Amino acid sequence: VDKDGRYLKQIPEIIAKKGKVSGLMTTGDVTDATPADFYAHTNNRDDSKVIIADFIKSKVKVLAGGTTDGLSEENISEAKKKNISLYNSTSSAEFSKDRILITDPLASKNYAERGRWLGETFDKTLAKLNQNKNGFFMMVEASRTDITAHGNHLGNEIQELLDFDEVVGKALKFADEDGQTLVV
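None of the values given here were measured: they were computed from a predicted structure.

> Kindly report on the overall build of the protein, identifying the contributing residues and their values.
In terms of regular secondary structure, the protein is built from 8 helices and 5 strands. What you see in the protein, going N to C, is helices and strands ordered as α-β-α-α-β-α-β-β-α-α-β-α-α. By the compact-globule yardstick of 16 Å for 184 residues, the protein fits well, its C-alpha radius of gyration being 16 Å. A sequence separation of at least 24 residues applies to 62% of the contacts in the protein between residues at least 6 apart.

> Please set out the nonpolar core residue by residue, giving values where relevant.
Most often, soluble globular proteins have nonpolar side chains that are buried together. Ranked by size, the top nonpolar core spans 20 residues in total, and within it Met25, Phe95, Ile100, Ile102, Leu118, Phe122 and Met138 carry the most contacts. Every element with two or more residues in this core is listed here: strand E1 (21–29), strand E2 (62–66), strand E4 (99–103), helix H6 (117–129) and helix H8 (154–178). Non-local contacts of Ile100, meaning those with residues more than four positions away in its chain, are made with Phe55, Lys61, Val62, Leu63, Ile84, Ser85, Tyr87, Glu94, Phe95 and Lys128. Counting 18 residues, the second largest nonpolar core, distinct from the first, contains Tyr39, Phe55, Val60 and Ala79.

> So what's going on with H6? Residues and values would help.
Helix length check: H6, at 13 residues, gives a terminal C-alpha distance of 18 Å against a target of 18 Å (1.5 Å per residue), a fit within 8%. Restricting attention to buried positions, one finds in H6 the residues Trp117, Leu118, Gly119, Thr121, Phe122, Thr125, Leu126, Lys128 and Leu129. Where the residues of H6 are buried, they touch E1, E2, E4, helix H5 (111–114), strand E5 (136–141) and H8.

Rules used in this analysis
Residues numbered from 1 in each chain as written. Predicted model: local features only at pLDDT ≥ 70, side-chain atom pairs only at ≥ 80, totals over all residues. Heavy atoms only, no water. Helix = DSSP H or I, 4+ residues; strand = E, 2+ residues; numbered from the N terminus. Rg over C-alpha atoms; globule rule 2.2 N^0.38 Å. Contact = heavy atoms within 4.5 Å. Core = buried A, V, L, I, M, F, W, Y, C linked by side-chain atoms within 4.5 Å. Buried < 20%, exposed > 50% of the residue type's maximum accessible area, 1.4 Å probe, protein only. Expected span 1.5 Å × (residues − 1).

Dropping the structure here:
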């Protein structure tokens, strides 16, 4: 929303009109500010129930990240009505489904506990989105880099940055081979 509370269109909404699909992933809560900025229409970043309800109404095909308390019984019911497949882990997710919501507790852990979650989720999301002949948009957030930096945990920060660097490398490799992909 803008400063006056008016609804603004987001990238996934705009590109869906052109037949493009979108996917979002984060090493934070799926309703955190960065991923929510691509699907939610609220000025209250702490209202995860409203934020996840906006995801359900959105055009986003894949949303993957850490758990959220916004996934109420009402939101779960609405998600099922919209044929959104809900998973508690990337490893159990069926990426062949049309729309996917992954709330994986592993995603929000530090790299030492999370391991290659971000890279594996990136690979599976990329494979799904790349099936769309009209193209796609993907947002990948390594939110743990911010968290570890605020806590001044240099060792964890380096691990988080190296993990994200690996994913950026995968994105750049895909873009080089594809020849029509922009990585920002």
